[in-house]
Structure formats: C-alpha cells, structure tokens
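# Structural overview for review
Read off the chains here:
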Amino acid sequence: MGKFRSKLKRHGKGKTWSKGQSATSNPEQMKHRLKAKSRFFQPNLNLAAATSTGLTQEAVHKHEQRQAFNKESTTVNDVAGSLKDFTLEDDENMSGTGTAPTGTFKTFKTFASNYSSCSNMSFKKLLTGFRTSSDLHKEMLAILSALTEIIRENGGGESSTEYFLLLMEQIEASSDERDIVAGVALLSMGIKSVPAPVLRKRFAQTAASLQALLQRFLESTNQSIIRYIIGCLSVLLRAQDYATWTYSSTFQYFDALLAFSIHSKPKIRKAAQHAVVSIIHGSCFMLPPAKTGEEQPDEPEPVPEQSKVKHHPASTRVTKFCLAQFKPEILANAQTTVLHTLALLKDTLSGFRTEDIRSVCEHLLSIMTAANVLVRTNCFQALHALFLTRSPNLSASLCGKLLAAIHEYRPDRSDVRQTLAWITVLKEGHLHLANLQLDLCMQALPRLIDICTTDLWLSDRTELVVGVSNCIKELLQDCVARACTTPEDAQRSRQSVAKIIGSIHKVLSAPFGEISKYVILIFSIVFEACGKQFGSELTPSLLTIAKRYDSQSGHRLQIEHTLISAIKALGPELILTAIPLSDGKGGMQLDRSWLLPLLREGANGASLQFFKEKIVPLAMDCQQKWKQFADVKNNSSAHIYELLCCQLWGLFPGFCRQPRDPDYLRQLAPTLGSALEKNPEFRAPIYDGLMELLDDSQSEECHQAIGQYAKNFLPRLFNIYTQKPNGTYEADQRKRSLDVIRLYIARAPAEVQAQLFENAQEQLTASAVASFEYDALFDINAAIVRVQKCRGIESYFEKYMAPILRNDKSKLVAKDEQKLKKQQRKTYELLRELMTSELASCQKFTRKNSNVLQQLLLEAFTTSCSVCQAARLYCLKSLLEGRSSLLYNDQLVMKAIPEAVLNYKEFSTRKEQVAEQLVKFIAQLYQDAGKINDFVDILTAGFTGDESLITNTILAFRAVLQQQGQHLTVATLEFVLQQVSVFLVQKSRNQSEAAIAFLITFIKVMPIPLVANHLETIMRSLSAMTKDTKRYCRIQIGYFLKKLCKRFTTEELARFVPGDDEVTHRRLKKIRKQMRRDTRKKLSEEAQADSSDEEQLVGGLEQKSYTYVLKEDKGNSCREFSQGNNYIYSPRSIDDILADSDSDLPEDMDAEDEGGAAGGAASAAKRRTKTKQPKSTYIREEADEIVDLADLKSIGNVLTSGSGKTEAIAKSLKAKPQLPNGGFKTADDGRLIISDKALRGLGGDNDEDSDSESDASMVEGVDKEPKAKRGMEEDSSDEEEVQQQQSAGAKRKRKATDALSMRSGKTTASSRYTAGGKGIHRQLGAGAGNSDAMSVKSGKSVSRPAGSEFSSKKAKGDMKKRGQLDPYAYIPLSRNTLNKRKRSMNSRKFKSVLRGAGAENGAAGGGGGGGGGRVSKKYK
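Sequence order as written defines the numbering, with residues in each chain counted from 1. With the structure being a predicted model, the display of local features is reserved for residues of pLDDT at least 70 and the display and counting of side-chain atom pairs for 80 or more, all residues being used for whole-chain, interface and lining totals. Heavy atoms throughout the structure, all of them, feed into the side-chain values; hydrogens and water do not.

## Side note on the overall build of the protein
We count a stretch as a helix when DSSP gives it H or I for four or more residues in a row; a strand needs E for two or more, and each element gets its number in order from the N terminus. The secondary structure content of the protein amounts to 66 helices and six strands. The buried share of the protein, reckoned over its 1420 residues, is 45%. We call two residues in contact whenever any of their non-hydrogen atoms come within 4.5 Å of each other. Sequence separation of 24 or more characterises 71% of the internal contacts of the protein that already satisfy a separation of 6 or more. Surface exposure here means Shrake-Rupley accessible area, sampled with a 1.4 Å probe, where a residue is shielded only by the protein chains that are shown. For the protein, the computed accessible surface area is about 75200 Å², with 50% contributed by carbon and sulfur atoms. The buried label applies to any residue whose accessible area, calculated with a 1.4 Å probe on protein chains only, is under 20% of its type's maximum; exposed applies above 50%, and partly exposed to all values in between.

## With respect to the nonpolar core
Phe254, Leu364, Trp457 and Phe935 are the most contacted members of the largest nonpolar core, which totals 337 residues. The greatest single-element share of this core, amounting to 11 residues, is contributed by helix α22 (residues 462-483). Once residues within four sequence positions are removed from consideration, Leu364 is found in contact with Phe326, Leu342, Leu345, Cys379, Ala382 and Leu383. The set of buried Ala, Val, Leu, Ile, Met, Phe, Trp, Tyr and Cys residues whose side-chain atoms join them within 4.5 Å is what this entry labels a nonpolar core.

## A closer look at the confidence of the model for the protein
pLDDT runs from 0 to 100 and stands for how confident the predictor is about each residue. Confidence in the prediction of the protein, expressed as mean pLDDT, is 75, and 69% of residues score 70 or more. Contacts from residues 1-11, a stretch scored under 50 in pLDDT, to residues over four places away or in other chains number zero contacts. Counting contacts from residues 83-112, a segment whose pLDDT is below 50, to residues more than four positions away or on other chains yields 59 contacts.

## What to know about the environment of Ile897
In this fold, Ile897 is placed in helix α45 (residues 891-902). In the structure, Ile897 is positioned 25 residues away from Ile922 in sequence and 7.7 Å away in space, judged by C-alpha atoms. Filtering out sequence-adjacent residues up to four positions away, Ile897 remains in contact with Ile922, Tyr926, Phe935, Ile938 and Leu939.

## Details of the state of the cysteines
Note on terminology: disulfide denotes any pair of cysteine sulfur atoms within 2.5 Å. Applying the stated criterion across every chain, the model contains zero disulfides. Left without a disulfide partner, Cys530 is nearest to the cysteine sulfur of Cys484, which lies 4.9 Å away. Sulfur of Cys656: no disulfide; nearest cysteine sulfur belongs to Cys702 and is 7.8 Å away. Exposure remark for Cys656: the relative accessible area of 0% places this residue in the buried category.

## Quick look at the packing of aromatic side chains
Aromatic ring pairs are defined here through the distance separating the ring centres and the angle between the ring planes. Stacked, edge-to-face and tilted labels apply to pairs of Phe, Tyr and Trp rings (six-membered ring for Trp) whose centres lie within 6.5 Å, assigned for plane angles under 30 degrees, over 60, and everything in between, in that order. In total, this model carries 22 aromatic pairs according to the counting rule given. Judged by centre distance (6.1 Å) and plane angle (40 degrees), the rings of Phe523 and Phe527 are tilted. Separated by four residues within a single helix, Phe523 and Phe527 lie in helix α25 (residues 516-530), roughly one turn from each other. Residue Phe523 shares its accessibility class with Phe527, and that shared class is buried. In textbook terms, an aromatic cluster arises when at least three aromatic residues are bridged by ring pairs, as seen for Phe610, Phe611, Trp649, Phe652, Phe655 and Phe682. In our convention, an over-ring charge means Lys NZ or Arg CZ found within 6 Å of a ring centre and within 35 degrees of that ring's normal. A cation sits over an aromatic face here: Arg494 above Phe534, 4.5 Å from the ring centre. Positioned above the aromatic ring of Phe772, the side-chain terminus of Lys724 is 6.0 Å from the ring centre.

## Description of the packing of helix α8 (residues 177-190) against helix α11 (residues 223-238)
The angle between two axes is taken between their N-to-C directions and runs from 0 to 180 degrees, where each axis is a line fitted to C-alpha atoms and a helix contributes only its stretch in contact. The N-to-C vectors of α8 and α11 enclose an angle of 40 degrees; their axes lie 9 Å apart at closest approach. With respect to their mutual orientation, α8 and α11 come out oblique. Crossing of α8 against α11: the hand is left-handed. Facing α8, whose interface residues are Ile180, Val181, Val184, Ala185, Leu187 and Ser188, α11 presents Ile225, Tyr228, Ile229 and Cys232. Under this scheme an angle from 65 to 115 degrees is roughly perpendicular, one under 35 degrees roughly parallel, and one over 145 degrees roughly antiparallel; angles in between are oblique. Two helices crossing with the near one rotated counterclockwise from the far one by less than a right angle form a left-handed crossing, whereas a clockwise rotation gives a right-handed crossing.

## Here we look at the environment of Lys848
Assignment of secondary structure puts Lys848 in helix α42 (residues 840-848). Given a relative accessible area of 57%, Lys848 falls into the exposed group. Taking the C-alpha atoms as reference points, Lys848 and Glu794, 54 residues apart in sequence, are found 9.7 Å from one another.

## Notes on the side chain of Gln623
Residue placement: Gln623 occurs in helix α30 (residues 608-631). Gln623 gets classed as buried once you look at its relative accessible area, which sits at 9%.

What follows is the structure in structure tokens.
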C-alpha cells in the first residue's frame, strides 16, 4: 500500500487546488448547488421558488389599475371593462394556463400592433401570428406599416381596394426579391376581400404582373412565393364573369395553373390543384344567386340576374390536359404523373360537361386494366367522387352505362380491399342514379344485389361481409324505399323489387354460419323499406326467420329485432295470419308464445276488431284452462296458462297505437269494462291501452270515440281508486288508475265532467276527515277540479281548500297534527297545480283571486307545516310572476325573501330549486330598480342566525352572485367575501361546504383581476380550515383548486399558502403535474392528428370517406350498419380500405415479413412503417394457363393482398395430415413439449429440406441458432430458455456425441431440465394441476413450501430422485430482507431449510426444505 501511495505523490499531471478550494474543481458551474443552498434555510420546501421580487414597471402598472377605483360606486362590470388586457403574469412565457377575458373595444392587440396600426381585418393573421424570428414577417410588417401610413395621409379608409392597389404598385416597383416576396404574401392575404368589380377592372394588368412573377420565380427554391402567386391568380380568375372566359388570354393564365397541378413539389402541386378546383366550382357565375339584395363590399359580388351555370368554360381545358397525361408512354414511364392527374380529376370531374365526363370516364376505364393497383385505386376514387357529388352534369343514361361498364371491372372476391372499393363505387353510382331517374336505377339494382348476395356475402372475410351489408342497407333505404312509397310507385317497380327480395331470400334459405346475423338484420331493413306494399312476397322470408327462432340461439336478438320491424311494417294481422297463435281448435300453441312480447312491442296502426275477434278468444280460452288446472291443483300448467293469458291481454296497448278503426271501440268497451271489474290481473295492460288512446298523438276521431264512453269507464276507475290496496303491486296499479283518471277526465264531455264533479263532492263531504276514503276522494276531486270552469274552482276553493290552509276549526279540517300535515300537503299541491296550470279556467281563477290568494298565503305562513314549504314557494313564485306591475318593495316580495332563504337548503331537492328560482327572481326585480346592493344588505341579516340559516344565506348569496354578480359594487363584493371567509374556517361542515360552493362560483363569474385582488384572502382561509371540514369537503376543495390553477399558476397560489400547510402544497404540486401531463397529451394528440394528415401513397391526394362502419347497439343488442338514415361517414377512407394492414396478411406472410426478429418493439416498428410502404401486387394464375394482363377479364387475377399465395398455402396445408397439437407432445398440465429436434425443424413434418440443412450443419460442425417453427418464435418453452442460457456462454463447437444425441432425439441426464419452483419454473404433477385449478376458480394459488417435492416421507432430509436435479430450494429475496426489524424472521427461513435437510443432526446440507412451513410465504 505504501508503494501505491508513493506513486500517487509522484503523479504531477493533475490539477492543483488552493487551500480550501478543492470542492470547486469539478464541475465549475454549481447551478444546482447554488439553488439548493439558497433554499437550505427555508422552513418548508414548498412550491414558492426563491426568485426575484418581480417589481417591474408592468407590475406597478397592474397594481395601480387594481387600486384605481372607488369601491363604493364601481361595479364589477366597470372593472372588467377597463382591465380587458389584464394578466397576472409579468412574463408571457411564465403563464401557460391563465385565461384572460377578451374585450370587444379592439379587434386584436399583439406585439405587431406596436409597429402597425392597420385596422383591416384581412391582415389579422399577420398581426396576431407575428414572429420576431421571421425575416419575412418583418418585411411584411414594414410594408404594411408604410402602406397604412400612406393611406391615412391621403385620407383613405383603409379598405381592401386601397391596400390592393398600393400593393400592386409596390410589387411592380420593387426590384429586390425580399420586397417582392413580402408584397405578394400581403397581396395573397388581402386579395380575398377585394370587391369583384375591382378585380374585373384590373384583371388584365394584375394577371400580367402575376404571370411575369410566376415566370421569374419558376426556378426559385422558395416554394412559398409560387404558392402565393398561384393563390392570387386563383382569386383573380374566380372573380371574372362568364364573358371574360371567352378571351384566349384568360385561358392562358388558367393553363399556367394547370401546368403546376402535376408539379413534383407537393406543396406547389396542392396549391395549384386547389386553385383549379376552386375556379371550376367556385367562380362567381357558378355560385347560386344571392338571396339578399344588400351589397357586401368585402365579398365577391354575385350575379343575381344570371342563372347558375352547370359547367365551367375552362372545364374543357382541364379535360384536354388530363387526357394528355393518359398517353401510353406516360402510363409506362411516369405513373406518378398519372396519379397526380387522377387526384386533380377526383375534385374537378363533377364540374365538367357531359361530353367531357364521357370521354374522361372512357379513359379511366381503359387505364384501369393496368397492373398498377394504385392507378386502379385512384380511378375508383375519381369515379366515387363523381357519383358522390350528385352532379347534374352526369346524365341518367350516361350514369347507367358507366355502372354497367364498372361491373366488368369486378375484382376477385379474395381481394377484399379492391372488392370493397368496387362495391362502394357501385353503391354511390346507384344512389346518384336514383336521384336522377328512379325507374332506371330500379332496373339496374337487381344485378348488383344478386352479386352481393350470391357471391360476396358468402366470403369468409368479415370485413367484406360487413361492407356488403352496409352497401345493401343503404341501397334498400335510399332506392328501394323510395320506389315503394306509394302503391303506384310500387306497382311500377314490382318486378325489380321482387327480384331483390328473392335474391336476399336465397341467402336466407342457404346453409351458412357467421353471416346469418347480417342477413337477418338486412331483412329488418327490407321489411321497413317495402313491407307495406310487398307483404305477400315477404311472407316466405318471414316464415323462414320465424322457424329459426330459438331462445338458446346466438341470433335470437337479431331475429327479434327483425320480427319487430316486420310487425311494424306488415301489421299484426298479416304476421298472425302467417304465423298463427291458435292450433286450429281455438287453443293456444305454446311453442309460439315467444311471439307475444314482440307483438306488444311492434304493433302500430292495427285493428281493434282483430284484437276483439282473434286475441280475446285466445285469452278467454287460456283463462278457462288456467282455472281448470288450478282447480285440479296442477300448479305448473296453471302458471303457464296464467302467463299466456296475461301476455295476450298485454297485446292491447299495441293495438291501441294509432288504431285503424277507433269506432269499433263501442263493441270492445263492454269487454274492457268487465275485465277491469272482475280481473285485477288484467288492469295493467288495459290502463296502458287507455293511456295510448288518450295520448295527444292520437287523432281527434280517436279522442271523440274514447270520450263517448267516459260515463262507463270513469266510475269504474273511481271505484278501483277508492279501494284499499293489498300489497305493493295493487298500490302501484292504484296510482296508475289515478293517472288514467287525470287524462280521461280532460277528454270527457263537459256535462259528464260536471256530473262527476258534483257526485265526487257529495261523497267527499260524507266521508270521514283524513280517512283513506277521504284522501282517495280528495285526489279524485283534485283531478276533476282542474278541468272545471272558474266558478266551479272558486266554490271548491272556498269550501274545501281555504279552511285547511287557514287551519280553521271546521269539520273538514283534521284535528290530529299528523293528519293535518298530510291534509295541508295535498291542499297546497292542488293549489300549486291550479296556479301553475296552463288551462284558461285556472289562469282566470288565479288572476281574479290574486289578492285573496296573497292574503291567504301570508296569513298561513305561521300555520303551515314544513312538508308544505315547497308547494308554498311555488305558489308565491306564481303570484309574483302573475303580477303585471310588481315593485321591489312590495309586501309580497318582502315576505317571500325570508321564506325563500329559510327553505333554501332542505332535505328535499325540490325546495332548493324553487327557492333558488325565487331568490333569482327577486334579485332581478331589485336589479331592474337599481337597488341590487339593497337586496344584498337584506340577505346579510341571515349571517346573524343559527347554523342552518347561515348556510342557506351563503347559498342564496351564491345564487345572487351567479345571476347579478356583474352589477355588484366592489365594496359589497368584498364584504360578502370576507363574511364567507369567516364562516369557511368554522367547525360546521354545512357552512364550510356552502362557503366553498360560493368561492367556486366567485372565481367562475368574476373577472381575473378581481379574483387576483382577493387571492391571498381565499388561499389563507382555505388553509385555515379545520381538519374535519377540510377532509369532509376534500372533493369540492380539489375542484376549486383545479379551477384556480387554470386561471393562475400554481406558483402564484403557493405564495399565499402558509408553509405549515403541507396538504395544500402537495395538492397544488399534484395539480401542476396533472395539468402538464394533460398539456403534453393534448400536444401529442395534435401532433398525431397532423402526422395522420401527411401524404400517403401519393403526395397531395386528398382523403375522403367512402365506407361505413358497423356499430353495435347495446340497447337492443342487435347490429346496425350506420348511425342513422342520413350519411354519417366513418373516418376510414378508400385509401384506408386499399392500404395494406397486418390483419389482411396471413399469419405465415406476417412471420416472413418480420423475419423472425426478436423483440416486440422491432416488430411493432415494422408494423408501423409497413402501412406507409408501397405494397406488392400479386397475380393469381393456374399452372396450365398464362395470364393475359391486356384482357379485361384478367383484372380479377391482379390482387393486392396476396390471396393467391394464401390459397396455395391453405391447399398445401389441407393436403398434409393434421396431427393433434401440431405433432407436439403434451405434458400433464397441458403444456406443449417442444424438443430440440422440433426447434431445429427436424421433427413434426419430416421435411427433407430441413433434414438436409440439419445434416449439413451437423457435418460441418457450425454452431447455428435453432430455427423455430413458424408461429413459435415467441413461445418461451423451458427447453428453449435453457438452450439460450447455454448459448449465451462461451461459443464452442458441438461435440459429435451432442450432435448424435440431438439427432436421435435423446439428451443426457445432466442437460435435462425438470420444471419446478416459481414463475416459469412452475411445478408439475398432481400438485401443479390442483394449483392451476385453484387459481382458475378462486384467483389464488396453493402455496407449497419451497423444496417440498424433494422431501422424504420415511425420514428427515431430502431424497435424490432419478432423472431429476439435486435437491434445491429457492429462498425468495425482496427489499423486506434488508429491514432490521425483520432480520430474525428472515433468518428463520434458512434455519427451517437446514432443519428440513437434516443439518441439525449432522447430515450433509441439502438444498431442500421439505418441512419448512415458514418458507411458504411468496414475494412478488
């Protein structure tokens, strides 16, 4: 050691330090040390950082603004109006979460506003998005400031025309490239708002200048200047009238734009294509005429005297230009140019002339025979866009011929993406043809439906089945349904619709599997579309679907949904005729009882006569059998027929929905009346049926028919309601009968109402007060009095209601306190209904007796019970709203304030709502009178009351602040806030909860400057809360702090929090982290959205949605094919359909592409990049045939998904014998045992190639990695893991004995590994099986002592077993082992292992621990 030290002393190349300075050597910059040193002596390391005071001139200015108002006269609105640009931060980089209120006195105010006072809104983008680091922005700002100054010196108004003329002069006079670029950039901003007449007047000069600039910068590397010039030319050409397009010079400028539409630079190409599209579709004469006569100078002037032109004059030039790009030499050598041309056609084709559309479509069909899949894809896109725009330039005859031609380009069914694109184009074409000529569409539609049903629907690919189902659904809804609207239309298209139904029925009759649910659901659309006119044609399909119904079937929900649609469309009569419920002898077929709930749900527009003649006899028969079986004590059969009888009567509400024959009710009424009286179990469906007949949606004829039998039904309903119920079911039915009475009495004739009202009053007078009969009759009278005239209401009020409200000593008023409460509650509820009713008689009663009601309510305040307060408040509110001239100091208002505050927060939610409404109404009265601060003074008196009153007062202040906070003075607001802060720190939970609710409203409503003034008071009061209240209100406090952190930063809030309040500091830190996390997440989502918009396959191609996505309706558990009848597109586009995906590749191809790469990240990266790579094209061919790609029929042999290879592999797999478990052995616990021979491709299939490869490797002695079978790369078996561990050591050549042993499938005893222990070394045998079973059943595993499998049953210690490793045991280690307190417990584990091995008896120390029960604890 001495020698070592001497060497250190002789080493002189290191850096020397002066005394006491050795700590400053490395690193020299001590940023973190200084920061920690500055915070070392702080008592609490909270969020408040040790920074400078921040006393800047801006901060002083803000402080002066805060204190510059007279608190007694300044309102919140004044403060908010004068501090519109107020922010709490001095540095804009510090605050990323604060939101300041924006004002309207200035349109915008930014950094650039200090240098330019331009007020033209066209340049707002520059002024708001100005960047000081951009030289172009600086040049543009300088030019804009100079032009603005020139305009103002000459007395201009800063209009867009003035800026346009000056910018053109500046551009023409400039010679510097930077000035020209900045001027053109400003021109591209302002030219859009220049009036069209100005652009027409200056067209020749402006267009010539722009073209000269375009030629000058043609070879420039600056793409922006070319894009700006293209945009200016586009706006200039759009503003020209129709006559200007007859000049050759105009087409010269347009041809210049066309030349750039196939440019190699994506941004320039997109700008040019956008310009051409906007000219073709958005020129002034192409737009519809303006509806208003007002002239708008900032927009291009429309031409109202000229009708809309169907096609643009320049469309012929676009046609010639595009067709020139489809020459054979370009198709062969420059396919990218062809793709760019197709992208242009996709958006412009709908604006061409009919002849041009014909020629373009012919060329598109000709180039679709090419083997390039991208060309074919873009041709489909162009045709799809043509159909989707519903252009009138595409005539019906041309559309029909085009659809017939597209049928010839049908791809193979195995190519899913191409097939989906093809079927989508045809679908949109038929929809467009239906809009043009429906008859022609119906003639062409059966061909497409037949292809979909007989071929495409039978595919084994789910995505193709779904796409075809969506296609059929839309065609049925938009084409077939329109053809079956009226009987005349249906008769014209009967043959075509019958073919469509027959094609779909064939698929329904054929045996199939997974697609059955789609076929069944499609029939629900068929029933809705053409069920009313084609009932006879749909009957066979209906019977087939009904035969497939099974309660245990997986398609039960789809069948039920379809049958409900059939019932709605065909009617219950046709359904029950095709699927009869009776067995021919008048009895009920039990196996068809499943149809009854569906009939109840779907019946609409049925016949009451059918119900009377068909359903009622079945119900009577079931009722008779029910009683017969009940008499003989056959309970099971009796219960079955009881349910059937109730379900048959349950069909009555469905037959009452819009009945076709309401007059037949006269014959059905006696049956219903007797059922109400004699059969209580049938009352529920009869009530439902009566409610349907009395509903407002029914016709007037139906209301008159049901009103004629009010004299028969209402007395029966009265008797039912006055009977005392037995059990909850009868009580519910009794309440339901009162609802029927309320509706029925309104439909009854006036004389019947008067007679029933008189009889009900007599019975009420004769009954005992507060008895069950009295309450029931009072409810009946309350239901009848609402529809009486004003005189009848007044007499009832004086006789039966007023004495109860005044608590008079009368025989009609109960003397018992509990009964009186119930009586008053019912009376107040009735008074509330009368005062808030919209009936004319009730409103007249309220107006006529307003003073009487006011006096009665004010006098009854002391005699009213607490359960009546909600109804009392509603009555007071109704009185206040009914007054035409109500003053804020009216007696009723002054009496209502304390009552509203006292009952603001009670146990009933209704009270709180009506009290809040009443407080807000009264606050509005005071505000209209300019006395809102006086109202606050009145409410302040509530702070002197008890705990409940204080809580209600705080909540009342919250309501006032929410509605009238902007009109409060600053002094009043500060006083209220101080009072609330005092109650916040009290021990009462209710007061603290109300105070926090007030503070939440305060920071939401008040402007940021006022909140900032009181931020210290709020935060210190929040920290001073007691532990109990802070814990009780923790959720509200968390929400409050989040709201504060969104307006201010957490550092600002932490400055006002005391250092000893660690809980609040932790919460602020957590909120800050969460907000930053949310911000990062939002930015990443935006970045992903931006990246998804990048160019795919071909640069600049715009994405459009072409497919529809299935959604699963969880409500009825049936599949719907879209989100409604209107077109709601999915985010998937046709590019997404045709782009390759991992799901479309077979498993073997997926494995080959990945190349057996280890690691999920690498394979995931390959999968991510796979979608952006151009996909290969596959050709399907037979062994004896040669594919002629020039032949039109061979288009189906060019595939995009490698389906031909997939089929070949599938055939080869089918030819081989299928061994169980792939030819691998299976262990007792179900694991596959894969030997080294299988891993090296030597076992299983005995492939000669693999044998030869292995032989060669063995002979050469080269250490090659074992080649796993395809699909087994990620299977980490025990043998594979051992082999990886062995290969991870020193590399060496295998011995001949090892090669021979592996060749023969044998391994030595030393290399054999037997699984056991934990994790992947799981235990085998019976114990493992039990453990697995236990883990599956209860989620817990059976713990066994480590090493117990080596324990001996006859002696102590462990026992060696043949073919296994030496005894061992794992002692699990964890961080708990380092705990000093658990040291003795951990040491006992080792003792138990040694004891089990017999070490204490002097035996050799084994590794097992057979008897150690303490070792069984498992650590994760």
